[in-house]
Number of protein chains: 2
Amino acid sequence: MGETEQIVRQMSEKGLRITEQRRTLAQLFAEAPGYLTPKDVYDHMQRFYPGLSFDTVYRNLRVMLDLGVVEQFAFEEGVKFKLSCEEPHHHHHMICLQCEKTLPIRSCPMPATDVPGGFQVVKHKFEVYGYCSECREPEGESAVAEGEKA
Amino acid sequence: MGETEQIVRQMSEKGLRITEQRRTLAQLFAEAPGYLTPKDVYDHMQRFYPGLSFDTVYRNLRVMLDLGVVEQFAFEEGVKFKLSCEEPHHHHHMICLQCEKTLPIRSCPMPATDVPGGFQVVKHKFEVYGYCSECREPEGESAVAEGEKA
DNA sequence: TTTGGTGCAAAATCTTTGCATAATA
DNA sequence: TATTATGCAAAGATTTTGCACCAAA
(Lines give C-alpha, C1' and ligand atoms only; values in the text may rest on other atoms or scores of the structure.)
Protein backbone atom coordinates (compact mmCIF):
# COMPACT_ATOMS: atom_id res chain seq x y z
CA MET A 1 0.00 0.00 0.00
CA GLY A 2 2.07 2.90 -1.25
CA GLU A 3 -0.81 5.33 -1.11
CA THR A 4 0.37 6.77 2.17
CA GLU A 5 3.86 7.34 0.80
CA GLN A 6 2.40 8.86 -2.32
CA ILE A 7 0.54 11.43 -0.24
CA VAL A 8 3.60 12.07 1.89
CA ARG A 9 5.69 12.64 -1.19
CA GLN A 10 3.06 14.97 -2.58
CA MET A 11 3.23 17.04 0.59
CA SER A 12 6.98 16.95 0.68
CA GLU A 13 7.28 18.11 -2.90
CA LYS A 14 5.16 21.08 -2.09
CA GLY A 15 7.51 22.19 0.60
CA LEU A 16 5.94 20.76 3.71
CA ARG A 17 8.04 19.16 6.36
CA ILE A 18 7.09 15.61 7.04
CA THR A 19 6.45 15.20 10.71
CA GLU A 20 5.26 12.03 12.32
CA GLN A 21 1.82 13.53 12.70
CA ARG A 22 1.62 14.31 9.04
CA ARG A 23 2.69 10.83 8.12
CA THR A 24 -0.02 9.42 10.36
CA LEU A 25 -2.49 11.87 8.87
CA ALA A 26 -1.57 10.76 5.38
CA GLN A 27 -2.06 7.16 6.37
CA LEU A 28 -5.40 7.93 7.97
CA PHE A 29 -6.72 9.53 4.82
CA ALA A 30 -5.21 6.84 2.65
CA GLU A 31 -7.07 4.18 4.57
CA ALA A 32 -10.31 5.96 5.44
CA PRO A 33 -13.17 4.70 3.30
CA GLY A 34 -15.28 7.82 3.61
CA TYR A 35 -15.30 11.37 4.84
CA LEU A 36 -13.67 12.46 8.09
CA THR A 37 -14.66 15.29 10.38
CA PRO A 38 -11.92 17.24 12.13
CA LYS A 39 -13.00 15.40 15.25
CA ASP A 40 -12.65 12.01 13.55
CA VAL A 41 -9.12 12.99 12.60
CA TYR A 42 -8.35 14.22 16.08
CA ASP A 43 -9.73 11.09 17.76
CA HIS A 44 -7.72 8.85 15.50
CA MET A 45 -4.47 10.77 15.81
CA GLN A 46 -4.90 11.13 19.52
CA ARG A 47 -4.42 7.39 19.92
CA PHE A 48 -0.90 7.77 18.60
CA TYR A 49 -0.09 11.21 19.95
CA PRO A 50 -1.75 11.70 23.33
CA GLY A 51 -0.48 15.26 23.53
CA LEU A 52 -2.04 16.17 20.20
CA SER A 53 -3.95 19.41 20.11
CA PHE A 54 -6.94 20.31 18.02
CA ASP A 55 -5.32 23.31 16.43
CA THR A 56 -2.66 21.10 14.88
CA VAL A 57 -5.39 19.03 13.29
CA TYR A 58 -7.11 22.11 11.91
CA ARG A 59 -3.84 23.58 10.71
CA ASN A 60 -2.86 20.42 8.90
CA LEU A 61 -6.29 19.98 7.36
CA ARG A 62 -6.09 23.54 6.14
CA VAL A 63 -2.65 23.05 4.67
CA MET A 64 -3.63 19.81 2.98
CA LEU A 65 -6.73 21.48 1.62
CA ASP A 66 -4.72 24.37 0.21
CA LEU A 67 -2.31 21.93 -1.36
CA GLY A 68 -5.14 20.01 -2.92
CA VAL A 69 -4.28 16.82 -1.12
CA VAL A 70 -7.72 16.63 0.48
CA GLU A 71 -11.12 17.97 -0.44
CA GLN A 72 -13.60 19.64 1.82
CA PHE A 73 -17.31 18.96 1.76
CA ALA A 74 -20.04 20.83 3.61
CA PHE A 75 -22.53 18.33 4.97
CA GLU A 76 -25.57 19.40 6.93
CA GLU A 77 -23.89 18.06 10.06
CA GLY A 78 -20.72 19.99 9.39
CA VAL A 79 -17.56 20.04 7.36
CA LYS A 80 -15.82 16.82 6.39
CA PHE A 81 -12.67 15.89 4.49
CA LYS A 82 -11.51 13.15 2.21
CA LEU A 83 -8.61 12.48 -0.11
CA SER A 84 -8.84 14.37 -3.37
CA CYS A 85 -10.18 12.32 -6.23
CA GLU A 86 -7.50 10.73 -8.30
CA GLU A 87 -9.96 10.54 -11.19
CA PRO A 88 -8.62 13.00 -13.73
CA HIS A 89 -11.85 13.27 -15.69
CA HIS A 90 -15.00 15.14 -14.86
CA HIS A 91 -17.22 12.88 -12.79
CA HIS A 92 -19.77 12.78 -10.02
CA HIS A 93 -20.25 10.66 -6.95
CA MET A 94 -22.41 8.16 -5.24
CA ILE A 95 -22.00 8.49 -1.51
CA CYS A 96 -22.86 5.72 0.90
CA LEU A 97 -25.01 6.98 3.75
CA GLN A 98 -23.63 4.27 6.00
CA CYS A 99 -19.87 4.08 5.44
CA GLU A 100 -19.61 7.31 3.41
CA LYS A 101 -17.50 5.60 0.82
CA THR A 102 -17.71 7.37 -2.53
CA LEU A 103 -17.99 5.73 -5.91
CA PRO A 104 -17.58 7.52 -9.22
CA ILE A 105 -20.38 8.17 -11.68
CA ARG A 106 -18.85 8.89 -15.03
CA SER A 107 -21.93 10.05 -16.84
CA CYS A 108 -22.68 13.73 -16.45
CA PRO A 109 -26.26 15.01 -16.47
CA MET A 110 -25.30 18.49 -17.56
CA PRO A 111 -25.33 18.07 -21.35
CA ALA A 112 -28.85 16.66 -21.26
CA THR A 113 -30.13 19.36 -18.95
CA ASP A 114 -32.33 22.00 -20.46
CA VAL A 115 -31.02 25.27 -19.09
CA PRO A 116 -33.49 28.12 -19.45
CA GLY A 117 -32.22 30.79 -21.73
CA GLY A 118 -30.44 33.59 -20.02
CA PHE A 119 -28.86 31.50 -17.33
CA GLN A 120 -25.10 31.34 -17.67
CA VAL A 121 -23.88 28.04 -16.27
CA VAL A 122 -20.62 28.10 -14.35
CA LYS A 123 -20.56 24.81 -12.49
CA HIS A 124 -22.80 22.09 -11.21
CA LYS A 125 -23.12 19.48 -8.54
CA PHE A 126 -24.64 16.04 -8.87
CA GLU A 127 -24.55 13.59 -6.02
CA VAL A 128 -26.34 10.34 -5.46
CA TYR A 129 -26.83 9.11 -1.92
CA GLY A 130 -27.70 5.61 -0.85
CA TYR A 131 -26.14 2.39 0.34
CA CYS A 132 -23.20 0.68 -1.26
CA SER A 133 -23.19 -3.03 -1.87
CA GLU A 134 -21.48 -3.73 1.44
CA CYS A 135 -23.79 -1.57 3.51
CA ARG A 136 -27.18 -2.18 1.98
CA GLU A 137 -29.49 -4.33 4.04
CA PRO A 138 -29.20 -7.94 2.98
CA GLU A 139 -32.94 -8.37 2.69
CA GLY A 140 -35.81 -5.98 2.02
CA GLU A 141 -36.13 -5.11 5.70
CA SER A 142 -36.83 -1.43 5.81
CA ALA A 143 -35.35 -1.12 2.39
CA VAL A 144 -37.29 1.84 1.17
CA ALA A 145 -36.07 1.78 -2.38
CA GLU A 146 -37.28 5.26 -3.00
CA GLY A 147 -35.21 6.36 -5.90
CA GLU A 148 -37.21 9.51 -6.10
CA LYS A 149 -36.71 12.14 -3.45
CA ALA A 150 -35.22 15.58 -3.25
CA MET B 1 -48.20 40.74 -2.24
CA GLY B 2 -50.00 38.29 0.02
CA GLU B 3 -46.99 36.01 0.25
CA THR B 4 -46.12 37.35 3.66
CA GLU B 5 -49.64 36.75 4.93
CA GLN B 6 -49.59 33.32 3.41
CA ILE B 7 -46.51 32.41 5.39
CA VAL B 8 -47.94 33.95 8.52
CA ARG B 9 -51.11 31.94 8.13
CA GLN B 10 -49.07 28.83 7.57
CA MET B 11 -47.28 29.41 10.85
CA SER B 12 -50.46 30.31 12.65
CA GLU B 13 -52.24 27.17 11.48
CA LYS B 14 -49.44 25.09 12.85
CA GLY B 15 -49.94 26.53 16.30
CA LEU B 16 -47.33 29.26 16.37
CA ARG B 17 -48.17 32.60 17.90
CA ILE B 18 -47.70 35.44 15.50
CA THR B 19 -45.46 38.02 17.07
CA GLU B 20 -44.30 41.15 15.36
CA GLN B 21 -40.88 39.60 14.91
CA ARG B 22 -42.34 36.58 13.18
CA ARG B 23 -44.38 38.76 10.88
CA THR B 24 -41.27 40.71 9.95
CA LEU B 25 -39.41 37.45 9.49
CA ALA B 26 -42.12 36.15 7.17
CA GLN B 27 -41.93 39.33 5.16
CA LEU B 28 -38.16 39.13 4.98
CA PHE B 29 -38.24 35.62 3.56
CA ALA B 30 -41.12 36.48 1.27
CA GLU B 31 -39.12 39.28 -0.27
CA ALA B 32 -35.60 37.88 -0.17
CA PRO B 33 -34.47 36.78 -3.61
CA GLY B 34 -31.87 34.31 -2.39
CA TYR B 35 -30.54 32.54 0.64
CA LEU B 36 -30.13 34.21 4.01
CA THR B 37 -27.61 33.47 6.71
CA PRO B 38 -28.70 33.76 10.34
CA LYS B 39 -26.63 36.93 10.42
CA ASP B 40 -28.44 38.34 7.39
CA VAL B 41 -31.69 37.72 9.18
CA TYR B 42 -30.42 39.25 12.38
CA ASP B 43 -29.08 42.35 10.64
CA HIS B 44 -32.33 42.92 8.82
CA MET B 45 -34.56 42.37 11.83
CA GLN B 46 -32.32 44.46 14.02
CA ARG B 47 -33.29 47.52 12.04
CA PHE B 48 -36.85 47.11 13.22
CA TYR B 49 -36.20 45.65 16.66
CA PRO B 50 -33.07 47.18 18.15
CA GLY B 51 -33.36 44.97 21.21
CA LEU B 52 -33.45 41.82 19.13
CA SER B 53 -31.22 39.01 20.27
CA PHE B 54 -29.49 36.40 18.18
CA ASP B 55 -31.03 33.51 20.01
CA THR B 56 -34.50 34.61 18.95
CA VAL B 57 -33.37 34.53 15.36
CA TYR B 58 -31.95 31.06 15.75
CA ARG B 59 -35.03 29.86 17.61
CA ASN B 60 -37.37 31.16 14.95
CA LEU B 61 -35.29 29.77 12.12
CA ARG B 62 -35.34 26.42 13.83
CA VAL B 63 -39.08 26.53 14.33
CA MET B 64 -39.73 27.58 10.75
CA LEU B 65 -37.41 24.84 9.56
CA ASP B 66 -39.23 22.21 11.62
CA LEU B 67 -42.54 23.46 10.28
CA GLY B 68 -41.27 23.27 6.74
CA VAL B 69 -41.75 26.96 6.11
CA VAL B 70 -38.10 27.44 5.24
CA GLU B 71 -35.36 25.15 3.97
CA GLN B 72 -31.81 24.91 5.18
CA PHE B 73 -28.83 24.61 2.92
CA ALA B 74 -25.24 23.87 3.92
CA PHE B 75 -22.94 26.05 1.84
CA GLU B 76 -19.19 25.93 2.22
CA GLU B 77 -19.37 29.31 3.90
CA GLY B 78 -21.99 28.16 6.33
CA VAL B 79 -25.67 27.45 6.72
CA LYS B 80 -28.25 29.51 4.87
CA PHE B 81 -32.04 29.57 4.69
CA LYS B 82 -34.71 30.31 2.12
CA LEU B 83 -38.44 29.86 1.75
CA SER B 84 -39.45 26.31 1.02
CA CYS B 85 -40.16 25.61 -2.60
CA GLU B 86 -43.79 25.93 -3.47
CA GLU B 87 -43.17 23.60 -6.41
CA PRO B 88 -45.01 20.45 -5.49
CA HIS B 89 -43.20 18.24 -7.97
CA HIS B 90 -39.74 16.83 -7.80
CA HIS B 91 -37.32 19.32 -9.25
CA HIS B 92 -33.82 20.71 -9.00
CA HIS B 93 -32.32 24.19 -8.94
CA MET B 94 -30.19 26.64 -10.72
CA ILE B 95 -28.63 28.96 -8.19
CA CYS B 96 -27.31 32.37 -9.10
CA LEU B 97 -23.81 32.92 -7.74
CA GLN B 98 -24.44 36.65 -7.60
CA CYS B 99 -27.93 37.20 -6.16
CA GLU B 100 -28.46 33.60 -5.01
CA LYS B 101 -31.88 33.52 -6.58
CA THR B 102 -32.98 29.98 -7.39
CA LEU B 103 -34.76 28.86 -10.51
CA PRO B 104 -36.35 25.45 -10.99
CA ILE B 105 -35.06 22.76 -13.32
CA ARG B 106 -37.86 20.35 -13.97
CA SER B 107 -35.92 17.65 -15.69
CA CYS B 108 -34.31 15.13 -13.38
CA PRO B 109 -31.04 13.44 -14.31
CA MET B 110 -31.66 10.43 -12.10
CA PRO B 111 -33.59 8.20 -14.51
CA ALA B 112 -30.88 8.53 -17.11
CA THR B 113 -28.08 7.87 -14.67
CA ASP B 114 -26.42 4.52 -14.82
CA VAL B 115 -26.15 3.39 -11.22
CA PRO B 116 -23.64 0.60 -10.76
CA GLY B 117 -25.29 -2.58 -9.64
CA GLY B 118 -25.37 -3.07 -5.94
CA PHE B 119 -25.82 0.55 -5.04
CA GLN B 120 -29.18 1.23 -3.48
CA VAL B 121 -30.21 4.78 -4.29
CA VAL B 122 -32.00 6.72 -1.58
CA LYS B 123 -31.82 10.31 -2.69
CA HIS B 124 -29.87 12.62 -4.90
CA LYS B 125 -28.83 16.21 -5.33
CA PHE B 126 -28.44 18.11 -8.57
CA GLU B 127 -27.63 21.78 -8.57
CA VAL B 128 -26.51 24.11 -11.30
CA TYR B 129 -24.61 27.25 -10.39
CA GLY B 130 -24.09 30.28 -12.55
CA TYR B 131 -25.51 33.71 -13.27
CA CYS B 132 -29.16 34.49 -13.84
CA SER B 133 -30.27 36.74 -16.65
CA GLU B 134 -30.22 39.80 -14.40
CA CYS B 135 -26.79 39.15 -12.96
CA ARG B 136 -24.83 37.82 -15.90
CA GLU B 137 -22.31 40.18 -17.31
CA PRO B 138 -23.85 42.18 -20.17
CA GLU B 139 -20.97 41.49 -22.51
CA GLY B 140 -18.40 38.75 -22.77
CA GLU B 141 -16.06 40.50 -20.35
CA SER B 142 -14.58 37.78 -18.21
CA ALA B 143 -17.46 35.58 -19.12
CA VAL B 144 -15.78 32.25 -18.84
CA ALA B 145 -18.62 30.17 -20.17
CA GLU B 146 -17.14 27.00 -18.82
CA GLY B 147 -20.06 24.72 -18.66
CA GLU B 148 -17.77 21.94 -17.62
CA LYS B 149 -16.40 21.96 -14.16
CA ALA B 150 -16.88 19.87 -11.05
C1' DT C 1 -55.18 33.69 32.26
C1' DT C 2 -52.65 30.33 30.21
C1' DT C 3 -49.28 29.10 27.17
C1' DG C 4 -45.71 30.24 24.38
C1' DG C 5 -42.07 33.87 22.89
C1' DT C 6 -38.42 37.11 23.93
C1' DG C 7 -34.26 39.20 25.92
C1' DC C 8 -30.48 38.50 28.69
C1' DA C 9 -26.70 36.00 30.23
C1' DA C 10 -24.08 32.22 30.04
C1' DA C 11 -22.60 27.93 28.15
C1' DA C 12 -21.39 24.71 24.58
C1' DT C 13 -19.31 24.00 20.01
C1' DC C 14 -16.32 24.68 16.53
C1' DT C 15 -12.33 27.04 14.60
C1' DT C 16 -8.48 30.32 14.64
C1' DT C 17 -4.38 32.89 16.46
C1' DG C 18 -0.05 34.31 19.25
C1' DC C 19 3.80 32.71 21.24
C1' DA C 20 7.49 29.78 23.16
C1' DT C 21 9.39 25.22 22.44
C1' DA C 22 10.61 21.30 19.68
C1' DA C 23 11.66 19.03 15.41
C1' DT C 24 12.67 18.78 10.28
C1' DA C 25 15.57 19.53 6.38
C1' DT D 1 21.26 26.06 12.04
C1' DA D 2 17.32 28.10 9.83
C1' DT D 3 12.85 27.50 9.38
C1' DT D 4 8.70 25.25 10.05
C1' DA D 5 5.48 22.54 13.04
C1' DT D 6 3.59 21.67 17.50
C1' DG D 7 1.38 22.35 22.05
C1' DC D 8 -0.64 25.39 25.02
C1' DA D 9 -3.65 28.94 26.09
C1' DA D 10 -6.66 32.13 24.83
C1' DA D 11 -9.64 34.40 21.72
C1' DG D 12 -13.31 34.38 17.96
C1' DA D 13 -17.28 32.83 15.81
C1' DT D 14 -21.40 30.37 15.75
C1' DT D 15 -25.23 28.14 17.92
C1' DT D 16 -27.75 26.52 22.09
C1' DT D 17 -29.85 26.66 26.80
C1' DG D 18 -31.95 28.30 31.42
C1' DC D 19 -34.62 31.58 33.39
C1' DA D 20 -37.55 35.52 34.42
C1' DC D 21 -40.57 38.60 32.17
C1' DC D 22 -43.74 39.82 28.55
C1' DA D 23 -47.29 39.11 25.03
C1' DA D 24 -50.55 36.47 22.01
C1' DA D 25 -54.63 33.86 21.96
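Since the structure is predicted, the reported quantities are computational estimates derived from the model, not experimental observations. (Residues numbered from 1 in each chain as written. Chains lettered and ligands numbered in written order. Predicted model: local features only at pLDDT ≥ 70, side-chain atom pairs only at ≥ 80, totals over all residues. Heavy atoms only, no water.)

Visitor: Please clarify how the pairing of strand E2 (residues 78–83) of chain B should be interpreted in this entry.
Guide: Along any regular strand, the residues point their side chains to alternate faces of the sheet. Residues and elements named next belong to chain B. With six bridges connecting them, strand E1 (residues 70–75) and E2 associate as antiparallel partners. Each bridged residue has a counterpart across the sheet, and for Glu-71 the counterpart in E2 is Lys-82. The hairpin formed by E1 and E2 contains two residues between the paired strands. (Pairing = 2+ DSSP bridges. Helix = DSSP H or I, 4+ residues; strand = E, 2+ residues; numbered from the N terminus.)

Visitor: Looking at this structure, how should I read the protein's contact with DNA strand D?
Guide: Around DNA strand D sit 19 residues in total, of which Arg-17, Arg-22 and Thr-56 of chain A together with Tyr-58 and Arg-62 of chain B are the nearest. Considering the 4 Å shell around the protein, atoms of DNA strand D inside it are sugar or phosphate in 63% of instances. The separation between a base oxygen of DNA strand D and a polar side-chain atom of Arg-17 of chain A is 2.3 Å. One of the side-chain N or O atoms of Arg-62 of chain B is found 2.6 Å from a phosphate oxygen in DNA strand D. For the surface near DNA strand D, the secondary structure elements donating two or more residues are helix H2 (20–31) and helix H4 (54–67) of chain A together with helix H4 (54–67) of chain B. (Near = heavy atom within 4 Å. Polar contact = N/O pair within 3.5 Å; in protein donor to acceptor, adjacent residues only side chain to side chain.)

Visitor: Help me understand the side chain of His-92 of chain A, please; the structure alone is not making it clear to me.
Guide: All names here are of chain A. Along the polypeptide, His-92 turns up in strand E3 (residues 92–96). By relative accessible area, which is 4% here, His-92 ends up buried. Within the local environment of His-92, its side chain forms a polar contact with the side chain of His-90, the two groups lying 3.2 Å apart. Within the structure, His-92 has its side chain in polar contact with the side chain of His-124 (distance 3.3 Å). Not counting the four nearest positions on each side in its chain, His-92 is found in contact with Leu-103, Pro-104, Ile-105, Ser-107, Cys-108, Pro-109, His-124 and Phe-126. (Buried < 20%, exposed > 50% of the residue type's maximum accessible area, 1.4 Å probe, protein only. Contact = heavy atoms within 4.5 Å.)

Visitor: Teacher, can you tell me more about the packing of helix H3 (residues 38–48) of chain A against H4 of chain A here?
Guide: Packed helix pairs are specified by the crossing angle of their axes together with the interaxial distance, meaning the distance between the axes. Residue and element names in this part refer to chain A. It is the contact of H3 with H4, at a shortest axis distance of 10 Å, that shows an interaxial angle of 120°. With respect to their mutual orientation, H3 and H4 come out oblique. Where H3 crosses over H4, the handedness of that crossing is right-handed. Where H3 approaches H4, its residues Pro-38, Lys-39, Val-41 and Tyr-42 are matched on the opposing element by Phe-54, Val-57, Tyr-58 and Leu-61. Its residues placed into classes, the contact of H3 with H4 shows seven nonpolar, no polar and one charged. (Axes fitted to C-alpha atoms, helices over the stretch in contact; angles between N-to-C directions. Parallel < 35°, antiparallel > 145°, perpendicular 65-115°, else oblique. Left-handed = near helix turned anticlockwise from the far one by under 90°. Nonpolar A, V, L, I, M, F, W, Y, C, P; charged D, E, K, R; others polar.)

Visitor: Hey, could you run me through the UniProt feature "binding site: Fe cation" (unreviewed entry) in chain A in this one?
Guide: Residues and elements named next belong to chain A. In the numbering adopted here, UniProt assigns the feature "binding site: Fe cation" (unreviewed entry) to His-90 and His-124. In three dimensions, the annotated residues from a span of 35 residues occupy one location, with a maximal C-alpha spread of 11.1 Å. Here His-90 lies in the loop between strand E2 (78–83) and E3. We classify His-90 as partly exposed; its relative accessible area is 23%. Inspection of the secondary structure puts His-124 in strand E5 (residues 120–131). (UniProt positions renumbered as here; feature names shortened; annotations may be inferred.)

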